[in-house]
Amino acid sequence: MSQTDEGQAQMLEGSAMSVGNLSQLSAGRDVLMAENGASLRLVLGWLESPVRSWRLGAALCLRNCLVDDSILAILLSEYDPVTLLTKPFVDGSHLPSDEDLEDAPFGTKALSSSAAAMEPEVEVRRAIAEALLLLCKPRIGRDAIRHAKVYPFIRNHHLQEPDESVKETLEEVVQRTELVVDDQQ
């Protein structure tokens, strides 16, 4: 790789992390959501990048966006954030049974057929687990997680998660979505 190519690669890696940092600010989230969320849509694609810093920048960005309830409503209507956030925890060697996924929506069932490997970087898994936890803060997010029926994937990942903080965060997601029934409104 030439020095120019290396410099451009480093600049792009730094840009991904900058987007994650920018999304901590309300003004930064506004930029991401401009033009029907075109920038956020691009950033979410980075979750599947082979470049670690891009995946981490995207995970941090999504986590930071989920702090804002108005963005949550848009994410739930325009994207499939539950499946998007569950996919990094899917490992082809620890898939749920067909019975576990019997009534699951198509997007959730598709996770089983993807040839995905679990996200290898603990920092990325931690940011994604924190994003799932933020997603289940309001009732609409908890309902989305329940509707997506991703619990079998989270359960199976939890059993093999080597990082204690990620494991604890996933346990809290399960407590908020699967073990607690919201009162009917």
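Owing to the predicted nature of the structure, the values given are computational and were not obtained by experimental measurement.

Undergrad: Sorry, what's going on with a nonpolar patch on the surface here?
TA: A cluster of nonpolar side chains, contributed by Leu22, Leu25 and Val31, occupies part of the molecular surface with about 270 Å² of accessible area. Relative to the helices and strands, Val31 resides in helix α2 (residues 26-45).

Undergrad: It is not clear to me how the environment of Leu56 should be interpreted in this structure. Could you clarify?
TA: With respect to the helices and strands, the residue Leu56 is situated in helix α3 (residues 52-65). Overall, Leu56 belongs to the buried group, its relative accessible area being 7%. Along the primary structure Leu56 and Glu123 are separated by 67 residues, whereas in three dimensions their C-alpha atoms are 7.0 Å apart. Ignoring sequence-local partners within four residues, the contact set of Leu56 consists of Met17, Glu123 and Val124.

Undergrad: Just checking my understanding: could you explain the packing of aromatic side chains for this structure?
TA: Remark: the centre distance and the inter-plane angle together describe each pair of aromatic rings, the angle taken between the planes. This structure, assessed with the given rule, holds one aromatic pair. Summarising the aromatic geometry, the rings of Trp46 and Trp54 are spaced 5.4 Å apart at their centres and angled 45 degrees between planes, so their arrangement reads as tilted. Residue class for Trp46 comes out buried when judged on its relative accessible area of 15%.

Undergrad: In this structure, what is going on with the nonpolar core? I would like to understand it.
TA: Soluble, globular proteins show a tendency: their nonpolar side chains are buried together. Leu40, Leu66, Leu75, Leu85, Leu132 and Leu135 are the most contacted members of the largest nonpolar core, which has 42 residues in total. Those elements that provide at least two residues to this core are α1 (3-22), α2, α3, α4 (69-78), α5 (81-86), α7 (122-135), α8 (139-148) and α10 (164-177). Top element by residues in this core is α7. It accounts for eight residues. Setting aside anything within four residues of it in sequence, one finds Leu85 in contact with Leu62, Leu66, Ile128, Ala131, Leu132 and Leu135. Among the nonpolar cores identified, the runner-up in size contains five residues, and Val90, Leu101, Ala104 and Phe153 belong to it.

What counts and what doesn't
Residues numbered from 1 in each chain as written. Predicted model: local features only at pLDDT ≥ 70, side-chain atom pairs only at ≥ 80, totals over all residues. Heavy atoms only, no water. Patch = residues over 30% accessible without salt bridge, like charges linked within 9 Å, V, L, I, M, F, W, Y side chains within 5 Å. Areas by Shrake-Rupley, 256 points an atom, 1.4 Å probe, with all protein chains shown as cover. Salt bridge = Lys/Arg side-chain N within 4 Å of Asp/Glu carboxyl O. Helix = DSSP H or I, 4+ residues; strand = E, 2+ residues; numbered from the N terminus. Buried < 20%, exposed > 50% of the residue type's maximum accessible area, 1.4 Å probe, protein only. Contact = heavy atoms within 4.5 Å. Phe/Tyr/Trp six-rings, centres within 6.5 Å; stacked < 30°, edge-to-face > 60°. Core = buried A, V, L, I, M, F, W, Y, C linked by side-chain atoms within 4.5 Å.

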